[in-house]
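Next come the chains, spelled out residue by residue.
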Amino acid sequence: MSEPTSLAEVRARIDALDGELIRLLADRQALVRRAAAFKKDEQAVRAPGRVEHVVTAARERAASAGLSPDVAESVWRAMIDAFIELELTEHRAAERT
């Protein structure tokens, strides 16, 4: 990929990447919803051991890809927290029906 030659080009590339990230997050959300069907309670949704495994893997992948592991960890923790809240909301809604 060639170096951007203007701020407008940098922003356009960031916008394009953001579009790809949204599509990937939508795919992840679909899988999270499928996983939720296998989980019986809040502890299974929160799965702290799984969270730490995923964060550790993200840090390792980040380091290999040239991304700050600290940035990756912050992003992954925020993403995981958001998906846990989605799962918990869906579990609670299912319990009411």
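Residues numbered from 1 in each chain as written. Predicted model: local features only at pLDDT ≥ 70, side-chain atom pairs only at ≥ 80, totals over all residues. Heavy atoms only, no water.

A. Region of the structure containing a nonpolar patch on the surface. A cluster of nonpolar side chains, namely Leu21, Ile22, Leu24 and Leu25, defines an oily patch on the protein surface of about 390 Å² accessible area. On the secondary structure map, Ile22 appears in helix H1 (residues 7-36). (Patch = residues over 30% accessible without salt bridge, like charges linked within 9 Å, V, L, I, M, F, W, Y side chains within 5 Å. Areas by Shrake-Rupley, 256 points an atom, 1.4 Å probe, with all protein chains shown as cover. Salt bridge = Lys/Arg side-chain N within 4 Å of Asp/Glu carboxyl O. Helix = DSSP H or I, 4+ residues; strand = E, 2+ residues; numbered from the N terminus.)

B. Expanded view of the environment of Ala82. Relative to the helices and strands, Ala82 is located in helix H4 (residues 69-96). Ala82 gets classed as partly exposed once you look at its relative accessible area, which sits at 48%. Each C-alpha atom of the pair Ala82 and Leu17 lies 20 Å from the other, and the pair is 65 residues apart in sequence. (Buried < 20%, exposed > 50% of the residue type's maximum accessible area, 1.4 Å probe, protein only.)

C. Seen up close, the packing of H1 against H4. Orientation of H1 relative to H4, taken along the N-to-C sense of each, is 45°, at an axis distance of 10 Å. Of the possible angle classes, the one that applies to H1 and H4 is oblique. By crossing handedness, the relation of H1 to H4 is classed as right-handed. Residues Leu25, Arg28, Gln29, Val32, Arg33 and Ala36 of H1 form the contact with H4, whose participating residues are Met79, Ile80, Phe83, Leu86, Glu87, Glu90 and His91. A class-by-class count of the residues in the contact of H1 with H4 yields 7 nonpolar, 2 polar and 4 charged. (Axes fitted to C-alpha atoms, helices over the stretch in contact; angles between N-to-C directions. Parallel < 35°, antiparallel > 145°, perpendicular 65-115°, else oblique. Left-handed = near helix turned anticlockwise from the far one by under 90°. Contact = heavy atoms within 4.5 Å. Nonpolar A, V, L, I, M, F, W, Y, C, P; charged D, E, K, R; others polar.)

D. The arrangement of the nonpolar core in detail. Counting 7 residues, the largest nonpolar core is built from Val45, Val51, Val54, Val55, Ile80, Ile84 and Leu88. Residue assignment for this core shows that the elements contributing at least two residues are helix H3 (48-65) and H4. For Val45, the residues in contact, after removing those within four places along its chain, are Lys39, Ile84, Glu87, Leu88 and His91. (Core = buried A, V, L, I, M, F, W, Y, C linked by side-chain atoms within 4.5 Å.)

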